[in-house]
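Structural overview
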Amino acid sequence: MINDIYDVIVVGAGHAGSEAAAAAANLGSKTLLITMNMQTIGQMSCNPAMGGIAKGQIVREIDAMGGYSGIVSDKSAIQFKMLNLSKGPAMWSPRTQNDRMLFAEEWRIALEQTPNLDFFQDMVKSLIIENDTVAGVVTSLGLKIKAKSVVLTNGTFLNGLIHVGDKQLGGGRMGEPRAVGITEQLISLGFEAGRMKTGTPPRVDGRTLDYSKMEEQKGDEYPQRFSFLDTPKMTKQMSCHIVYTNEIVHEILREGFDRSPMFNGTIQSTGPRYCPSIEDKINRFAERERHQLFVEPEGWRTVEMYINGFSSSLPEEVQLKAMRHIPGFENAKVFRPGYAIEYDYFPPTQLTHTLETKLINNLYFAGQINGTTGYEEAAGQGLMAGINAHNKVHGKDAFTLNRDEAYIGVLIDDLITKGTEEPYRMFTSRAEYRLLLRQDNADIRLTEKSYNLGLASAERLEKVQKKIEESDKLEMFLKNTSLKPGDINPILAEIQSSPVDQAFKTANILTRPNMTLEKLEQIDLIKDYTANFAPEIKEQAEINIKYKGYIDKERDNVAKLQKLETIKIPENFNYSTLKSLSTEARQKLDKIRPKTIAQAGRISGVSPSDINILLIYLK
């Protein structure tokens, strides 16, 4: 193996690394996945769940492209919920609770069954660089493994430092060593590095909890799936539980603040704004009398519980003392205390849209090394890095996704255009075209693109084509079928909508507020026809009809902005010659080197007047 030259070497086997390796290998690249521990491939380092608001859309997009995250999530799911159903379809977000051990097992099985993919257990301590191009890696055993491209997905392992109260341990995860050497080498090559912080909550023995004092959270009555393929349907589910902290809990936690690395200056790096530790929540939101916690099972056959919302780096005895004043936790036993971890990252403005570094050719970064947080964000980047590493070494065109095509496109554009100084998390609000980027149509948006790359299978393409065909057929029926007042008015009365005095097309009735296709199926004419269609086909047709005006408006906005995407900025453009630009704009434009006027306009600190100056000069 040592004498082989790989097309792609992927360093790290977390969510980003696993997707990167799978994508490159499935496209035909001779791929090597290097991990420090073969037993932790696809490990859920923090919460035992996939998806959620905006993150669920990313998992669906990965699946539509032929990635593995959706399939693995479905095979290891213990609960499924579609979040935000009370809002419009742009906000609907799928989420699974997962069996942690089964999730990692399914990932490993999937990767071991992937052709062209080799594995090696070792730590990568440096890169082989020749003429500003990566040429392989050097491991801690001293092995030099040659490659045409390398994808770094180091997670929290680069100089990782774990904090529990005033105790510090070097590590990338509790019980696992940190990675050293890569950061120092990259800095010597001219890369800018920074530090970030994340945390994880205690794990508790579920046998010691009193669930009668908590609020049960069941899964959906009719659970769906992440994958657009026919993964197994759930026949049973496990419940989560909700409980709340109180003032006694807060007071005990405050007593330990002087020993908290968050407050005594030990931790200098920035933590995730949208997933703060319990001590951070108490400090920032002092007026709140309680905070919500989710008690989440770790799997079918374990008693271990994940206490979502109670991330902490306080001393372990303070964590336990406070926790025992939470209802139902009076006798709680802790398997492992919560902890914080600091790690190195590289500001992602040093990358192109393909996730290739600007300084070193054929070197790609994906996941937390780019300043993101979350399995889904990492997996989406890994997929794109794996595709582009393969394409680059085989002389194929770069593959990117625009902001109107995928949440993955929004994620990567945000990272490389705006950068991030705190762990980046995806939200629906970050996507300006979120009505186009729904979870239900990820396959329609992306599968054909991926099939043309050679990644998505013919089976996937055929399923999408059938979905579009059947959805169009159902839409046409609803648009052409008239309903009589006698059939419609009783249903309109149910939703307190004005009655009609003449026949109306079904599609017109469907656009009324609070009206659904399910309600219209009370009419035999509709029910008899729609009985032939799967639930996802009905959902697709209904959304297309109800939100047609809004969807068309978003597409018009996309078309207008695409004109700015066509105005290219020369690669070596000298911004210093444009004295009319603001000083900040010149500095930001020179650092990020946007490819188009549209990308330049998304850089923070570049004003509309700066864009006008650029347009005048370029035209």
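Residues numbered from 1 in each chain as written. Predicted model: local features only at pLDDT ≥ 70, side-chain atom pairs only at ≥ 80, totals over all residues. Heavy atoms only, no water.

1. Quick word on helix α1 (residues 15-26)
Look at α1: 16 Å from first C-alpha to last across twelve residues, which is about the 16 Å you get at 1.5 Å a residue. With eleven of its twelve residues buried, α1 lies for the most part within the structure. Within α1 the residues assigned to the buried category are H15, A16, G17, S18, E19, A20, A21, A22, A23, A24 and A25. Backbone geometry just after α1 places G28 at a positive phi near 115°. (Helix = DSSP H or I, 4+ residues; strand = E, 2+ residues; numbered from the N terminus. Expected span 1.5 Å × (residues − 1). Buried < 20%, exposed > 50% of the residue type's maximum accessible area, 1.4 Å probe, protein only.)

2. Comments concerning the packing of aromatic side chains
For any two aromatic rings, the description comes down to two numbers: the centre-to-centre distance and the angle of the planes. On inspection of all chains with the given rule, the structure shows ten aromatic pairs. Taking the centre distance of 5.7 Å and the plane angle of 40° together, the rings of F191 and F365 count as tilted. Of this pair, F191 sits in the loop between α5 (182-188) and β14 (194-200) while F365 sits in strand β22 (residues 363-365), placing them 174 residues apart in sequence. Here F191 falls in the buried class, since its relative accessible area comes to 4%. You can call F365 buried: its relative accessible area is 1%. (Phe/Tyr/Trp six-rings, centres within 6.5 Å; stacked < 30°, edge-to-face > 60°.)

3. A few points about the sheet that holds strand β11 (residues 150-152)
Strand pairing in a sheet relies on backbone hydrogen bonds, with the paired strands running either antiparallel or parallel. Spatial ordering of the open sheet is given by β7-β3-β2-β11-β22, a layout of five strands whose pairing is parallel. Each having just a single partner strand, β7 (117-121) and β22 make up the two edges of the open sheet. With strand direction ignored, the average angle separating the axes of adjacent strands in the sheet is 20°. As paired elements, strand β3 (residues 31-35) and β7 share five bridges and run parallel to each other. (Pairing = 2+ DSSP bridges. Axes fitted to C-alpha atoms, helices over the stretch in contact; angles between N-to-C directions.)

4. Some details on the sheet that holds strand β17 (residues 240-244)
Across the sheet, six strands lie side by side as β16-β17-β18-β19-β15-β20; this open sheet has antiparallel pairing. Looking at strand neighbours, the two that pair on one side only are β16 (215-217) and β20 (334-336), the edges of this open sheet. Geometrically, the sheet is characterised by an average inter-axis angle of 35° between neighbouring strands, direction not taken into account. Pairing between strand β18 (residues 292-297) and strand β19 (residues 304-308): four bridges, direction antiparallel. Its bridge partner being in β19, V295 is matched across the sheet by I307.

5. Overview of unusual backbone geometry
Here N116, not a glycine, exhibits a phi torsion of approximately 75°, which is positive. Relative to the elements of secondary structure, N116 occurs in the loop between α4 (100-112) and β7. On the accessibility criterion, N116 (40% relative accessible area) is partly exposed. The backbone phi angle of Q496 is positive, close to 55°, even though this residue is not glycine. According to the relative accessible area criterion, Q496 is exposed, its value standing at 76%.

6. Observations regarding the UniProt feature "binding site: FAD" (unreviewed entry) in the protein
Summarizing the sequence annotation, UniProt attributes the feature "binding site: FAD" (unreviewed entry) to G12, A13, G14, H15, A16 and G17 in the numbering used throughout. Assessed through its relative accessible area of 15%, G12 is described here as buried. The residues touching G12, leaving out its near neighbours within four places in the chain, are G17, S18, L33, I34 and T153. Here G14 lies in the loop between β2 (8-11) and α1. Residue G14 is classed as partly exposed on the basis of its relative accessible area, which comes to 27%. (UniProt positions renumbered as here; feature names shortened; annotations may be inferred. Contact = heavy atoms within 4.5 Å.)

7. What about the pattern of salt bridges?
In the structure shown here, the tally under the stated rule is 38 salt bridges. A salt bridge links D344 to R195; the nearest nitrogen and oxygen atoms lie 2.9 Å apart. With D344 in strand β21 (residues 339-345) and R195 in strand β14, the pair connects residues that are 149 residues apart, well separated along the chain. Classification of D344 by relative accessible area gives buried; the value is 6%. Here D590 and R593 are joined by a salt bridge, their closest N and O atoms 2.8 Å apart. Its relative accessible area of 44% is what places D590 among the partly exposed residues. We classify R593 as partly exposed; its relative accessible area is 23%. (Salt bridge = Lys/Arg side-chain N within 4 Å of Asp/Glu carboxyl O.)

8. Quick word on the packing of α1 against α4
Two numbers describe a pair of packed helices, the interaxial angle and the distance between the axes. Where α1 contacts α4, the axes come no closer than 11 Å and their chain directions differ by 20°. With respect to their mutual orientation, α1 and α4 come out roughly parallel. Handedness of the crossing formed by α1 with α4: left-handed. Where α1 approaches α4, its residues H15, S18, E19 and A22 are matched on the opposing element by F103, W107 and L111. Here the contact of α1 with α4 is composed, by residue class, of four nonpolar, two polar and one charged. (Parallel < 35°, antiparallel > 145°, perpendicular 65-115°, else oblique. Left-handed = near helix turned anticlockwise from the far one by under 90°. Nonpolar A, V, L, I, M, F, W, Y, C, P; charged D, E, K, R; others polar.)

9. Notes on the side chain of D280
Position of D280 relative to the elements: it lies in helix α7 (residues 278-284). On the basis of relative accessibility, which here comes to 14%, the residue D280 falls in the buried class. Not counting chain neighbours up to four residues away, the residues in contact with D280 comprise M262 and F263.

10. Examining the nonpolar core
Core analysis: the biggest nonpolar cluster contains 95 residues, and I9, V150, L152 and L363 have the highest contact counts within it. Element by element, the count of residues in this core is highest for helix α9 (residues 375-393), at eight residues. Every residue in contact with V150, bar those within four places of it in the chain, is listed here: I9, V11, L127, V134, G136, V137, N362, L363 and Y364. Within the second largest apolar cluster, 22 residues are counted, among which are L209, V243, M305 and F329. (Core = buried A, V, L, I, M, F, W, Y, C linked by side-chain atoms within 4.5 Å.)

11. Side note on the packing of helix α11 (residues 442-453) against helix α12 (residues 458-480)
Where α11 meets α12, the axes come as close as 9 Å, and the angle between the chain directions of the two elements is 145°. When the axes of α11 and α12 are compared, the crossing they make is left-handed. Here D443, I444, T447, E448 and Y451 of α11 come into contact with α12, specifically with A458, R460, L461, V464, K467 and I468. Looking at the contact of α11 with α12 residue by residue, the classes come out as six nonpolar, one polar and four charged.

12. Considerations on the environment of Y575
If you trace the backbone, Y575 turns up in the loop between α18 (548-565) and α19 (583-592). With 15 residues separating them in the primary sequence, Y575 and D590 have C-alpha atoms 6.5 Å apart. With near-sequence residues (within four places) excluded, Y575 lies in contact with I569, L581, R586, L589, D590, R593, P594 and L614.

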